[in-house]
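So you can see what is in the structure, the chains are spelled out below.
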Amino acid sequence: MKASKLLKIIQKDLKDYPIDYLRNKVTDERYKDPLTKKLAKYNSGVYDDIYATEIIDDFDIKDNVIKNMRSDIGYYFDTYAGGDEQTKRFTENISLFLALIDKKPLHPYSEDKSDDVYYFNGDYYCKGRIKYIHDKRSLCKYCICKNVGFSGLF
C-alpha cells in the first residue's frame, strides 16, 4: 500500500475522534499524573500532524506490516489495556502513522538524555526498548527508536 493511501485511511478513521477531550487532559487539574499529561500532549500533537502531513515522495508500505501491527496493537489492548474500541482505534491509527509514515517514536520524547525516550544526534533512543522488545508481540519492533547501550542508562 502506498503511504499516501494509508494516511487517507488513518485520517478517515480519526475524523470523528473527540480530540478536544484529549487536549483538555493537558491542562485539566483532575489529571495529576505527569505521564498522563505528557501522553495527552504528544498524542494530540500527533493527531494534528496526521492532518497537516502531505506526502510528497510517496513510498510503499508492505500490507503485511500494517496487518501485523494492527494485530499486535489488538493483542496489546486485549491483554493489557482493555478500554473502549474508540481508544484502541485511535492508538492504532496514531501508531501506524508514527511508525510507518512519520518515522517517530511511539512514545513522547525529548532532547533530554535523562528521559526514557530521547532524540540525540539525529537518532531516537529508548531506554526500555532493550527490555520490552522481547515481550510477546511487542510494538517496539515497529518503533524507530534505537536501543540505549548500558553506558547510556546512566
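**What to know about the overall build of the chain**
A tally of helices and strands in the chain yields 6 helices and 3 strands. Each helix and strand of the chain, placed in order from N terminus to C terminus, yields the pattern α-α-α-α-α-β-β-α-β. Relative to its length of 154 residues, the chain is compact, with a C-alpha radius of gyration of 16 Å against a globular reference of 15 Å. Principal-axis analysis of the C-alpha atoms places the extent of the chain at approximately 45 × 40 × 35 Å.

**Regarding the pairing of strand β1 (residues 117-120)**
Pairing between β1 and strand β2 (residues 123-126): 4 bridges, direction antiparallel. Bridge pairing in β2 places Y118 opposite Y125. Connecting β1 to the antiparallel partner β2 that follows it, the hairpin turn spans 2 residues, and N121 within it adopts a positive phi of roughly 50°.

**A closer look at the nonpolar core**
Counting residues in each nonpolar core, the largest one holds 34 residues, and the members touching the most others are I10, I50, M69, F90, L100 and I101. At the level of secondary structure, the elements contributing two or more residues to this core comprise α1 (3-14), α2 (19-25), α3 (34-52), α4 (63-81), α5 (85-102) and β2. With 8 residues, the top contributor of residues to this core is α5. Residue contacts for M69: discarding those within four places in its chain leaves S95, L96, A99, L100, L106, L139 and Y142.

**Section: α3**
Between the first and last C-alpha of α3 there are 27 Å, a value that for 19 residues agrees with the 27 Å anticipated at 1.5 Å per step. Those residues of α3 that fall on the buried side of the exposure criterion are A40, Y42, N43, S44, V46, Y47 and I50. Summarising the contacts, the buried residues of α3 are in contact with α1, α2 and α5.

**Considering the pairing of β2**
With 2 bridges connecting them, β2 and strand β3 (residues 146-147) associate as parallel partners. When the sheet's bridge partners are listed, C126 is paired in β3 with N147.

**So, the confidence of the model for the chain**
Interpreting fine coordinate detail is not advised for predicted regions of low pLDDT. Averaged over every residue, the pLDDT of the chain is 91; the share at 70 or more is 96%. When mean pLDDT is compared element by element in the chain, α1 scores highest at 97, while α2 scores lowest at 90.

**Observations regarding the packing of α1 against α5**
Interaxial distance between α1 and α5 falls to 10 Å at its minimum, and their mutual angle equals 155°. By the angle class used here, α1 and α5 are roughly antiparallel. Crossing geometry of α1 relative to α5 is assigned as left-handed. Contact residues: A3, L6, L7, I10, D13 and L14 in α1; R89, F90, N93, I94, L96, F97, L100 and I101 in α5. In terms of residue class, the contact of α1 with α5 is built from 11 nonpolar, 1 polar and 2 charged.

Cut-offs and rules
- Residues numbered from 1 in each chain as written.
- Predicted model: local features only at pLDDT ≥ 70, side-chain atom pairs only at ≥ 80, totals over all residues.
- Heavy atoms only, no water.
- Helix = DSSP H or I, 4+ residues; strand = E, 2+ residues; numbered from the N terminus.
- Rg over C-alpha atoms; globule rule 2.2 N^0.38 Å.
- Pairing = 2+ DSSP bridges.
- Core = buried A, V, L, I, M, F, W, Y, C linked by side-chain atoms within 4.5 Å.
- Buried < 20%, exposed > 50% of the residue type's maximum accessible area, 1.4 Å probe, protein only.
- Contact = heavy atoms within 4.5 Å.
- Expected span 1.5 Å × (residues − 1).
- pLDDT = per-residue confidence, 0-100.
- Axes fitted to C-alpha atoms, helices over the stretch in contact; angles between N-to-C directions.
- Parallel < 35°, antiparallel > 145°, perpendicular 65-115°, else oblique.
- Left-handed = near helix turned anticlockwise from the far one by under 90°.
- Nonpolar A, V, L, I, M, F, W, Y, C, P; charged D, E, K, R; others polar.

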